[in-house]
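Here's the letter readout for the chains.
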Amino acid sequence: MADAQVLLVHAAGLHARPVVTLTKLARTFASRIHIAANQQGPWIDAKSVVKLMNMKTPTNTHLFIRAEGADADAAVAALVTLVSNDFLGGPE
Amino acid sequence: MSNVGIVIVSHSPDVAKGAADMVRQMVGQGIPLAWTGGSPAGGLGTSVEGILGAIDAAWSDAGVAILVDLGGAETNSEMAIEMLDPARQGKVVICNAPVVEGAVMAATEAWGGSDLATVKRTAEELNHED
């Protein structure tokens, strides 16, 4: 289990394009990955575009990311980097 | 690994192409994708031939998921599936989902290497969320 917190700096919040970029990156890991806008949850499956979009997360929200699985550390690190880099440099 | 292909069918070629553009820009080049729209005469409509061509263009051994807009698009897609080689028929499904949103969701799922049933289910999740 790995977890981290990252500030959502993307100006439009977690809208369609960043969600797709984030989901694609999450899917490159075997671990189960969840994201929340609040430490108490609800925890949303980071591999589901529909569920992530429905979080309707505005900019300047602290996102909580946690992963369970063999590559959990790498998954959390990659997602934190993506979010803090304003969703640039995701998988093609 | 071969990814599920996505076909977009709209009465308007502009809508079909626009939805495909959104998929390409958001999800990227990693999946087979084709679109078709408009009647053979150049007006609004869909055609079985056009849909067959799109299925062929987006063909994948993992199967093809079709997103349609309104009534005739679905009927013509069903006819196109019936006209396919029997070996291919079982590998093509029509998703009950909004065409633009469903195409993006289905393509993202396909990009990750999911099977055809999972791609269809993800596109249709849109109907069950608020």
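Coordinates for the structure precede this section.
Residues numbered from 1 in each chain as written. Chains lettered and ligands numbered in written order. Predicted model: local features only at pLDDT ≥ 70, side-chain atom pairs only at ≥ 80, totals over all residues.

Peer 1: So, the overall build of chain B: which residues are in play, and what are the values?
Peer 2: When helices and strands are tallied, chain B shows six helices and four strands. In chain B, the succession of α and β elements from N to C terminus is β-α-β-α-β-α-α-β-α-α. Computed over C-alpha atoms, the radius of gyration of chain B comes to 13 Å, within 12% of the 14 Å expected from 2.2 N^0.38 for 130 residues, which places it in the range of a compact globule. Its C-alpha atoms give chain B principal-axis dimensions of about 40 × 35 × 30 Å. Taken across its 130 residues, chain B has 48% of its residues classed as buried. Pairs at least 24 apart in sequence give 74% of the contacts found in chain B among residues at least 6 apart. (Helix = DSSP H or I, 4+ residues; strand = E, 2+ residues; numbered from the N terminus. Rg over C-alpha atoms; globule rule 2.2 N^0.38 Å. Buried ≥ 20, exposed ≤ 12 C-beta atoms within 10 Å, placed from the backbone. Contact = placed C-beta atoms within 7 Å.)

Peer 1: Explain helix 1 (residues 13–27) of chain B to me, using residue names and the numbers behind them.
Peer 2: The end-to-end C-alpha separation of helix 1 of chain B is 21 Å, in line with the 21 Å expected for 15 residues at 1.5 Å each. Within helix 1 of chain B the residues assigned to the buried category are B:Ala16, B:Ala19, B:Ala20, B:Val23, B:Met26 and B:Val27. Looking down the long axis of helix 1 of chain B, one finds its buried residues gathered within 140° of arc, a one-sided arrangement. Turned more than 90 degrees off the buried face of helix 1 of chain B, the exposed positions are B:Asp14, B:Asp21 and B:Gln25. On the buried face of helix 1 of chain B, the contacting elements are helix 1 (16–26) of chain A together with strand 1 (5–10), strand 2 (33–37) and helix 5 (99–111) of chain B. (Expected span 1.5 Å × (residues − 1). Arc of directions from axis to C-beta.)

Peer 1: Quick rundown of the sheet that holds strand 1 (residues 2–7) of chain A? Include the residues and the values.
Peer 2: Residues and elements named next belong to chain A. Read from one edge of the open sheet, four strands run 1-4-2-3, paired in antiparallel fashion. Edge positions in the open sheet fall to strand 1 and strand 3 (44–45), since each of these has one partner strand only. Bridge count between strand 2 (residues 32–36) and strand 3: two bridges; the pairing is antiparallel. Directly across from His34, in strand 3, lies its bridge partner Asp45. Strand contacts of helix 3 (residues 72–84): strand 1, strand 2 and strand 4 (62–68), with the helix running at about 5° to strand 1, the strand carrying the most contacts. (Pairing = 2+ DSSP bridges. Axes fitted to C-alpha atoms, helices over the stretch in contact; angles between N-to-C directions.)

Peer 1: An account of unusual backbone geometry is needed here, citing residue identities and associated values.
Peer 2: Residues and elements named next belong to chain A. In this structure, the amide linkage connecting Gly41 to the following residue, Pro42, adopts the cis form with an omega of 5°. With respect to the helices, strands and loops of the structure, Pro42 is situated in the loop between strand 2 and strand 3. Located in the positive-phi region is Lys56, a residue other than glycine, with phi close to 50°. Its location among the elements puts Lys56 in the loop between helix 2 (49–53) and strand 4.

Peer 1: How would you explain the packing of helix 1 of chain A against helix 5 of chain B if you had to name every residue and give the values?
Peer 2: Between helix 1 of chain A and helix 5 of chain B, the least distance of the axes is 9 Å, while the angle of their chain directions is 20°. Considered as vectors, helix 1 of chain A and helix 5 of chain B are oriented roughly parallel to each other. Once helix 1 of chain A is placed against helix 5 of chain B, the crossing between them reads as right-handed. In contact with A:Val20, A:Thr23 and A:Lys24 of helix 1 of chain A, helix 5 of chain B contributes B:Val104, B:Thr108 and B:Trp111. Looking at side-chain class alone, the contact of helix 1 of chain A with helix 5 of chain B contains three nonpolar, two polar and one charged residues. (Parallel < 35°, antiparallel > 145°, perpendicular 65-115°, else oblique. Left-handed = near helix turned anticlockwise from the far one by under 90°. Nonpolar A, V, L, I, M, F, W, Y, C, P; charged D, E, K, R; others polar.)

Peer 1: Which residues make up the interface of chain B and chain A, and what are the values?
Peer 2: Interfaces are frequently sized by the accessible area removed from exposure as the parts join. The interface is formed by eleven residues belonging to chain B together with ten residues belonging to chain A. Listing elements by their share of the side of chain B that touches chain A, those giving two or more residues are helix 1 and helix 5 of chain B. For the side of chain B that touches chain A, the element with the most residues is helix 5 of chain B, which contributes four residues. Within the side of chain B that touches chain A, the residues separate by chemical class into six nonpolar, three polar and two charged.

Peer 1: I'd love a proper account of helix 2 (residues 48–57) of chain B, names of residues and values included.
Peer 2: Residues and elements named next belong to chain B. Of all the residues in helix 2, the buried ones are Gly50, Ile51, Ala54 and Ile55. What you see down the axis of helix 2 is that its buried residues fit within an arc of 135°, all on one side. Packing partners of the buried residues in helix 2 comprise strand 1, strand 2, strand 3 (64–68), helix 3 (71–83) and strand 4 (92–95).

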